[in-house]
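Here is what each chain is made of, one letter per residue.
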Amino acid sequence: MTPRLKSVTVTDFRSIRGTVTVPLDSPVVLIHGQNGSGKTSMLSAIELGLTGQVASLARVDPTFESHLVHKAATEGRVSITVDGLTDLSPSAEIKSINRKFSGKGVLSPLLSRFYGERCYLAQSTLARLLEIYQHKDARLTESPLTKFVKDLLGLDQLDALVEGLHDAGHVTRLRTGAPLFWDVRDAIPKLEAEIARLTKDQSALNTEILQLSQSVQAKLLVMGLPEQTDIRSPQALSQLQSEESEPELQRLANMRRDIGAVIEQWSSVQSGVTAQERDAAEARSKTTGESLQRWRDGSGKQLEAAFSAMATYFSDLPSPSSTRPAHARSVALETVSAELKRCSSVLARDADDSKQLATLDEGIAKSRSRIAVLDEQIAKHAAAAGSLAEALNGILPHVHSENCPVCSRDFGEVSERPLSEHLASQISMLTESAGRLRALSKERVDGATSLANAERSRGIVAGRLLTSEARDELKTRVARLSEFQLALQQFESAVIEGEKSITEAGEASASLNALRVKDQKATTIRAAAQKFAADLNLQSIGDSEPLIEALHRFQNHVSKAEDTLTAKEAARKEANASLKQLKVLEVQKQSLTKTIEDNKRRLTRMTQLKVVADRRITQAKELSRRARDQRTAIVRRVFNESLNAIWRDLFVRLAPDEPFVPAFALPESDGGAVEAVLETLYRSGGKGGNPRAMLSAGNLNTAALTLFLALHLSVKPALPWLLIDDPVQSMDEVHIAQFAALLRTLSKQHGRQIVVAVHEKPLFDYLALELSPAFQNDRLITIDIGRAADGKTVIDYEPQVWVPDQAVAA
């Protein structure tokens, strides 16, 4: 069953105000309306109901959805009914939500795309049609013309094959599509470099292991083992773990130190001591001892007595007998002088305080006497001043005669002066007494303050005064300390003499003791030297062998034995350290060898996989090349034989006098994607330029219109509909007549349902005449869109059916 548009109902959509229903169930529907009346809005509503979107508006305004609802309304609606669509709903309704239409159209996505590109030619699309199908970048495989070629030629499988094999054309494209291949491709040289580096490290490790083995072999030789001894043999390991040389080394070291000490002692005593030296030393010691004793019995005893007397005052003074006399005298003199100075200072301050106290007592007595006098004067003036002067001053204004206002007596009887003058004189005298009283009060306050300060100072000074007992005791202490100071000063020469005697006696005694020690050391040293010979298993000291030569012989033997043992012990420790390092290196070698073997196996596997992948890439490249060649051949053949032929026929039919014919030209290169470009051809042969440069405005419109019809006719019609909005632009009468005939042919002979909208009334009437029903069951619907007085959209619907011509029939 052939799909057919049945009707569309539109409510408040774009310029359509109110609700209108337009019948569409006719082979041809003609829509007329003035500009702005809503004919384009009606075609947009049909597109929205069929596809769920308005692609013709989306191309020019991305925000078109916000303007679809009529400006005077808040909601809009589009309903459409279609007949003859298999497996699809026959109707759909699109509603507005928040001034945006949403819903699902009648057509599937594939049919919606076919409708937008092959069935509906909007007025805005007509002007841009040549630009839409103009040459684009060949890499843009989703350009409108490329989509058209796929639909026209059924190249989806070839294109999918070419597109799928596109990444195989260059290895850099495989980074995303085949990341494992790219990883393997990058990993192989890295793995080869890593194997080379590890092999180099393995060689260096082998060299280091060999050097360590040779070093351990040399150390075993130093330790006394036979040459070529296996470094891991039980004998070698036993020697390396043995520490028997440590005690022997310690014994030899101790013996070396003892021999050295004996040699040093012998050097100090080997000259010997003569009898004359010993007698002289004993005589000198006796003489100095007697001299020291005489000093101690004389001046020393007196010095001890003086220190015993001072102990009463100073218990921590050093004793001249237990320390040096000069030191004891110096400490005692310094202590006595400091204490004497302190006591004298205390007595001097006490004398000053006594004088200050007498002065303060005298001042306090004077202050108290002055305060008493001031108190008497203040009392006297206070009785005569103050309130009486104020009272008299209050009466004075009321005295106008000689009569007293208090007692009513005549003041002239007792005095010749007027009463008012007498009152003024008394007020003046009393006022002077009040000023004197204030001065005396201030003086009294100042005197009391001075008295309080003097009494406070007296209390401080009186509290600081010494008592009579303390003052007398301190004076006695000062006198006693002065005696001690004088006595210590007088002992200076005696102390110097005692210091000299003590020094000489000590030196004589030390010299005598040193000579006695030398005699004892010589005997002890010879006995120790004989013991060294026995301990070292060496020949004992002969009677004629000097002791010093024998000691040097023992010392050399010990040094040689110690050096030999030290070398063996150092060789043992170094060999053990080398063996530990050797074990670590051997473990590293095993790990390194395993890593190299693993990497070699990985490299072999990766290399095999890469060989397989490279072979497949080569095959993919060849397959892609053959697919492109096949697609190019098909496209060239079809463009030359199908699309261009239909376009040429349609254009020549509408513009028979135009010398230039538009056509698609294919790139001459065989490589890359196929993309046609627009050109013009002379009817007589040869190529022209771009259609926009070679054709007039009317013929450009004709070229775009015929291109749209050629695109529609060059494929099997999935939808046999043609909806064209105001197609006649800049056309003359010949073009219009040819176009009307073409529409009649498409409708009557090719079964296309045609909906055409125009705004010129004469053209509308002409097309209605040319497209009127021509046979039985043929119909025509005319729609005239206008507006009522209230601004709402109204339509005038007129169906026309075929009526036989009675005159011709007769």
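**Student:** Give me the overall build of the chain: which residues, what numbers.
**Tutor:** Counting its regular elements, the chain contains 23 helices and 13 strands. When each of the 810 residues of the chain is scored for burial, the buried share is 37%. As displayed, the chain has an accessible area near 45200 Å², and 52% of this comes from carbon and sulfur atoms.

**Student:** Quick rundown of the sheet that holds strand β3 (residues 28-33)? Include the residues and the values.
**Tutor:** In spatial order, the strands read β7-β10-β11-β3-β12-β13; together these six strands make up an open sheet with mixed pairing. Across the chains shown, the open sheet's two edge strands, defined by having one partner strand only, are β7 (120-121) and β13 (793-801). Against the sheet, helix α20 (residues 697-713) engages β7 and β10 (721-725), with an angle of about 165 degrees to β10.

**Student:** How would you explain the sheet that holds strand β5 (residues 91-97) if you had to name every residue and give the values?
**Tutor:** Read across the sheet, five strands follow the order β2-β1-β4-β5-β6 without closing on themselves; strand pairing throughout is antiparallel. Two strands lie at the open edges of the sheet, namely β2 (16-23) and β6 (100-102), each paired on one side alone. Averaged over neighbouring strand pairs, the angle between their axes works out to 15 degrees when direction is ignored. Note: strand β1 (residues 4-13) against β2, six bridges, orientation antiparallel. If you follow Phe13 over to β2, its bridge partner there is Ile16. Sheet strands touched by helix α1 (residues 39-51): β1, β2, β4 (77-83), β5 and β6. Its angle to β1, the strand with the most contacts, is close to 110 degrees.

**Student:** Just give me the short version of the side chain of Glu47, but keep the residues and values in it.
**Tutor:** Tracing the backbone shows Glu47 in helix α1. Among the residues examined, Glu47 registers a relative accessible area of 2% and is labelled buried.

**Student:** Now, about α20: what can you tell me, with residues and values included?
**Tutor:** Spanning 17 residues, α20 covers 24 Å between terminal C-alpha atoms, matching the ideal 24 Å at 1.5 Å per step. Extensive coverage of α20 is indicated by the burial of 15 of its 17 residues.

**Student:** Talk me through the nonpolar core; I want residue IDs and the actual numbers.
**Tutor:** Ranked by size, the top nonpolar core spans 46 residues in total, and within it Leu50 and Tyr115 carry the most contacts. If one sorts the elements of this core by residue count, α1 sits on top with six residues. Formed by 43 residues, the second largest nonpolar core is a distinct cluster that contains Leu722, Ile724, Leu763 and Leu771.

**Student:** Explain the pattern of salt bridges to me, using residue names and the numbers behind them.
**Tutor:** This structure, assessed with the given rule, holds 29 salt bridges. With a closest N to O distance of 3.9 Å, Arg113 and Glu117 form a salt bridge. Separated by four residues within a single helix, Arg113 and Glu117 lie in helix α3 (residues 109-119), roughly one turn from each other. For Arg113, a relative accessible area of 31% corresponds to the partly exposed category. Assessed through its relative accessible area of 18%, Glu117 is described here as buried. Close ionic contact of Glu499 with Arg324 constitutes a salt bridge, the shortest N to O distance being 2.9 Å.

**Student:** Summarise helix α12 (residues 299-310); cite the residues concerned and give the values.
**Tutor:** The terminal C-alpha atoms of α12 lie 17 Å apart, and with twelve residues this matches the ideal 16 Å at 1.5 Å per residue to within 8%. Where α12 is concerned, the buried positions are Gly300, Leu303, Ala306, Phe307 and Met310. All buried residues of α12 project into a common sector of 120 degrees when viewed along the axis, lining one side. Residues of α12 that are exposed and point over 90 degrees away from its buried face: Lys301, Gln302 and Ser308.

**Student:** Talk me through the packing of α20 against helix α21 (residues 733-748); I want residue IDs and the actual numbers.
**Tutor:** Geometry of a packed helix pair, given as the angle between the helix axes and the separation of the axes. Look at α20 against α21: their axes get within 12 Å of each other, and the N-to-C directions meet at 10 degrees. Considering the angle they form, α20 stands roughly parallel to α21. Contacts between α20 and α21 involve Asn699, Thr702, Leu705, Leu709 and Leu713 from the first element and His735, Phe739, Leu742 and Leu746 from the second. Residue classes in the contact of α20 with α21 are distributed as six nonpolar, three polar and no charged.

**Student:** Describe empty space enclosed by the protein, and please don't skip the residues or the numbers.
**Tutor:** A complete count under the given rule lists one cavity of 30 Å³ or more for this structure. There is about 30 Å³ of room inside the largest cavity. Around the largest cavity sit Glu47, Ser56, Arg59, Gly116, Tyr120, Ala122 and Thr125, which together line it. When the residues that make up the lining of the largest cavity are grouped by side-chain class, the tally is two nonpolar, three polar and two charged.

**Student:** Kindly report on the packing of aromatic side chains, identifying the contributing residues and their values.
**Tutor:** Scanning all chains against the criterion turns up four aromatic pairs. Between Tyr115 and Trp721, the aromatic rings sit 6.5 Å apart at their centres with planes inclined by 75 degrees, giving edge-to-face as the arrangement. Of the two residues, Tyr115 sits in helix α3 while Trp721 sits in strand β10, which places them 606 residues apart along the sequence. Classification of Tyr115 as buried rests on a relative accessible area of 0%. Judged by its relative accessible area of 0%, Trp721 is buried. Ring plane angle 50 degrees and centroid distance 4.6 Å describe the contact between Phe660 and Tyr682, whose orientation is recorded as tilted. With a gap of 22 residues between them, Phe660 in strand β8 (residues 660-665) and Tyr682 in strand β9 (residues 677-682) connect regions that are remote in the sequence. Taking relative accessible area as the criterion, Phe660 reaches 12% and is therefore assigned buried.

**Student:** Talk me through unusual backbone geometry; I want residue IDs and the actual numbers.
**Tutor:** Positive phi, normally seen in glycine, also occurs at Arg14, with a value near 55 degrees. As for its placement among the helices and strands, Arg14 is situated in the loop between β1 and β2. The backbone of Asn777 shows a phi angle near 70 degrees, a positive value even though the residue is not glycine. Summarising the element assignment, Asn777 is placed in the loop between α22 (761-770) and β12 (779-787).

The rules we used
Residues numbered from 1 in each chain as written. Predicted model: local features only at pLDDT ≥ 70, side-chain atom pairs only at ≥ 80, totals over all residues. Heavy atoms only, no water. Helix = DSSP H or I, 4+ residues; strand = E, 2+ residues; numbered from the N terminus. Buried < 20%, exposed > 50% of the residue type's maximum accessible area, 1.4 Å probe, protein only. Areas by Shrake-Rupley, 256 points an atom, 1.4 Å probe, with all protein chains shown as cover. Pairing = 2+ DSSP bridges. Contact = heavy atoms within 4.5 Å. Axes fitted to C-alpha atoms, helices over the stretch in contact; angles between N-to-C directions. Expected span 1.5 Å × (residues − 1). Core = buried A, V, L, I, M, F, W, Y, C linked by side-chain atoms within 4.5 Å. Salt bridge = Lys/Arg side-chain N within 4 Å of Asp/Glu carboxyl O. Arc of directions from axis to C-beta. Parallel < 35°, antiparallel > 145°, perpendicular 65-115°, else oblique. Nonpolar A, V, L, I, M, F, W, Y, C, P; charged D, E, K, R; others polar. 1 Å grid on protein atoms, 1.4 Å probe; cavity = no way out; pocket = protein on both sides within 12 Å on 5 of 7 lines; lining within 4 Å. Points joined across faces, edges and corners; volume = space filled by probe spheres on them. Phe/Tyr/Trp six-rings, centres within 6.5 Å; stacked < 30°, edge-to-face > 60°.

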